[in-house]
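# Structure assessment
One-letter residues, chain by chain:
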Amino acid sequence: QMMKHAWDNYKRYAWGLNELKPISKQGHSSNLFGNIQGATIVDALDTLYIMEMKEEFKEATEWVGKNLDFNVNAEISVFEVNIRFVGGLLSAYYLSGEEVFRKKAVELGEKLLPAFNTPTGIPWALLNIKSGIGRNWPWASGGSSILAEFGTLHLEFVHLSHLSGNPVFAEKVMNIRKVLTRLDKPEGLYPNYLNPSSGQWGQHHVSIGGLGDSFYEYLLKAWLMSDKTDEEGKNMYYDAVQAIETHLIRKSSGGLTYIAEWKGGLLEHKMGHLTCFAGGMFALGADGAPNDKTGHHIELGAEIARTCHESYDRTSMKLGPEAFRFDGGVEAIATRQNEKYYILRPEVIETYMYMWRLTHDPKYRQWGWEAVEALEKHCRVDGGYSGIRDVYSNHESHDDVQQSFFLSETLKYLYLLFSEDDLLPFEHWVFNTEAHPLPVLHKDDENKEENQK
Ligand code: DMJ
């Protein structure tokens, strides 16, 4: 019902545009996608499919076939377009088998290739998909590319090669790995900034939240998606987690485990909502953890889930802030006005879903249900779902944006939290960072394919 409300209102007021403004009841355009249109449609395709919303899936498929157009003069974020559009199209293809999605995914992948035309092959953050000219965010340290952006292409690009028969996509992301493995890492940590021309790190800022997050996620998932054959991805992941534990993970005096940010050796005792995805990541990676550390990684996931739940529980609206702190006498509370907003993000619910699947502790469903009730009470409006400006306030101030990731991630993870484990089982599917499921490339299938050639 929540998906239907979000979708129907998008359809009514913003059909074909990127996102919906649910209060003003009109389209919302984000410059992340340039003038590529239809972000909500592409992001929502697999959620519609999984929820068996057949009519809606059909109309979305028709829209993609007729209207999704990449021949536009648009400067786009390579990362955002990859995770939402390429990821959304790939999942829609794997779930439905409709050829249109495969074709569009490969066409878009080809449009993204000029982003890798840098001296090191580390891609630009921004790309004009008509001219093929790339550049970096003007705010990024010393003209750097961003770890969480160039490090979050791997899963989709491996699938693009798999589906197109063209190795170029996989070669591009394997080269990123090569550059990273050659570099010295301060204390074994990966800084968020890397200059694509010099191949040197920018500022030594390390974060498991914004600017770093999904790079770590994709190391683990690259290994899982390769049917556990990608040993390099595996080693990079577990080595990184070891360094994160030593240098970033701390416990508050009240007993809450959190992941701080690292700035040239100094810790900022702040955790972002984005960082909360790491609870699910640690638990998902527990099974392969070296040195008998499986139980420890599950426990770490559980502790992060508890901390993130506290960040929700300590607000008036029972929805979590964008960032919360562990200093100045507070624990798991936002102290700065500009960190008190909630924009329908999924990470906490994502972690509940992983923890539920991997432990079956009923508290994760209870916590997920608390989030549903809070979303219904504070974010649901006549025209869809809106973010909130201050989750500590007693009255809602809506930001008037229904983010496309609310449909692709937040609602999908909630649905999976209350579904049986055999819906998209982890042995066969990995979720990209926008919650688009991609199939594990099983060794046996490859052997079969080889034999058929
Ligand atoms: C999504 O686009 C993805 O989850 C990304 O990895 C981080 N930001 C948003 C959701 O918060």
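This is a predicted model, so every value here is computed, not measured.

The tendency in soluble globular proteins is for nonpolar side chains to be buried side by side. In terms of nonpolar packing, the biggest core is built from 149 residues, with Phe 85, Tyr 216, Ile 259 and Phe 282 touching the most fellow members. At 11 residues, helix α4 (residues 78-96) tops the list of elements feeding residues into this core. Counting residues in each nonpolar core, the second largest holds six residues, with Ala 125, Trp 137, Ile 146 and Tyr 193 among its members.

The UniProt record marks Glu 80, Asp 213, Glu 322 and Glu 347 with the feature "active site" (unreviewed entry), using the residue numbering of this structure. Among the annotated residues just listed, those that line the largest pocket are Glu 80, Asp 213, Glu 322 and Glu 347. Here Asp 213 is to be found in helix α9 (residues 213-225). Judged by relative accessible area, which is 12%, Asp 213 ranks as buried. Ignoring anything within four residues of it in the chain, the contact list for Asp 213 reads Ala 148, Ser 207, Ile 208, Leu 274 and Phe 277. Here Glu 347 shows up in helix α13 (residues 347-359). A polar contact of 2.9 Å, which involves the side chain of Glu 347, links it to the side chain of His 273.

Using the residue numbers shown here, the UniProt feature "binding site: Ca(2+)" (unreviewed entry) corresponds to Thr 433. Summarising the element assignment, Thr 433 is placed in the loop between β17 (429-431) and β18 (437-439). Look at Thr 433 and you get buried, because its relative accessible area is 14%. When near neighbours in sequence (up to four residues on either side) are disregarded, Thr 433 contacts Phe 79, Ile 83, Thr 152, Ser 214, Glu 217, Tyr 218 and Glu 409. Looking at Thr 433, its side chain comes within polar contact range of the side chain of Glu 217, at 2.9 Å.

Right, let's talk about the packing of α4 against helix α5 (residues 99-112) for a bit. The geometry of α4 relative to α5 is characterised by a closest axis approach of 8 Å and an angle of 155 degrees between their N-to-C directions. In terms of orientation, α4 lies roughly antiparallel with respect to α5. Considering the relative orientation of α4 and α5, their crossing is left-handed. Contacts between α4 and α5 involve Val 78, Val 81, Asn 82, Phe 85, Val 86, Leu 89, Leu 90, Ala 92, Tyr 93 and Ser 96 on the former and, on the latter, Glu 99, Phe 101, Arg 102, Lys 104, Ala 105, Leu 108 and Leu 112. In terms of residue class, the contact of α4 with α5 is built from 12 nonpolar, two polar and three charged.

Let us look at empty space enclosed by the protein. With the rule as written, the count across this model stands at two cavities of 30 Å³ or more. Estimates place the volume of the largest cavity at around 100 Å³. Forming the boundary of the largest cavity are Phe 150, Gly 151, His 154, Val 173, Ile 176, Arg 177, Leu 180, Phe 215, Tyr 218, Leu 219 and Ala 222. By residue class, the composition of the lining of the largest cavity is eight nonpolar, two polar and one charged. Of the pockets and cavities examined, the second largest cavity occupies roughly 50 Å³. Contributing to the lining of the second largest cavity are Val 78, Phe 79, Pro 123, Trp 124, Ala 125, Ser 145, Ile 146, Glu 149, Phe 150 and Leu 153. At the level of secondary structure, the elements contributing two or more residues to the lining of the second largest cavity comprise α4, β6 (145-146) and α6 (147-150). A per-class count over the lining of the second largest cavity returns eight nonpolar, one polar and one charged.

Here the structure, examined in full by the defined rule, presents 26 aromatic pairs. Consider the rings of Trp 223 and Tyr 238, whose centres lie 6.1 Å apart with planes at 80 degrees: the pair is edge-to-face. Within this pair, whereas Trp 223 is found in helix α9, its partner Tyr 238 is found in helix α10 (residues 231-247), the two being separated by 15 residues in sequence. Each member of the pair, Trp 223 as well as Tyr 238, is classed as buried.

An order of β3-β4-β5 is seen for the three strands of this open sheet, with the pairing classed as antiparallel. The open sheet has two edge strands with one neighbour each: β3 (75-77) and β5 (134-135). Sheet contacts for α4: β3 and β4 (126-128); angle to β3, the most-contacted strand, approximately 70 degrees.

How each quantity is defined
Residues numbered from 1 in each chain as written. Predicted model: local features only at pLDDT ≥ 70, side-chain atom pairs only at ≥ 80, totals over all residues. Heavy atoms only, no water. Core = buried A, V, L, I, M, F, W, Y, C linked by side-chain atoms within 4.5 Å. Buried < 20%, exposed > 50% of the residue type's maximum accessible area, 1.4 Å probe, protein only. Helix = DSSP H or I, 4+ residues; strand = E, 2+ residues; numbered from the N terminus. UniProt positions renumbered as here; feature names shortened; annotations may be inferred. 1 Å grid on protein atoms, 1.4 Å probe; cavity = no way out; pocket = protein on both sides within 12 Å on 5 of 7 lines; lining within 4 Å. Contact = heavy atoms within 4.5 Å. Polar contact = N/O pair within 3.5 Å; in protein donor to acceptor, adjacent residues only side chain to side chain. Axes fitted to C-alpha atoms, helices over the stretch in contact; angles between N-to-C directions. Parallel < 35°, antiparallel > 145°, perpendicular 65-115°, else oblique. Left-handed = near helix turned anticlockwise from the far one by under 90°. Nonpolar A, V, L, I, M, F, W, Y, C, P; charged D, E, K, R; others polar. Points joined across faces, edges and corners; volume = space filled by probe spheres on them. Phe/Tyr/Trp six-rings, centres within 6.5 Å; stacked < 30°, edge-to-face > 60°. Pairing = 2+ DSSP bridges.

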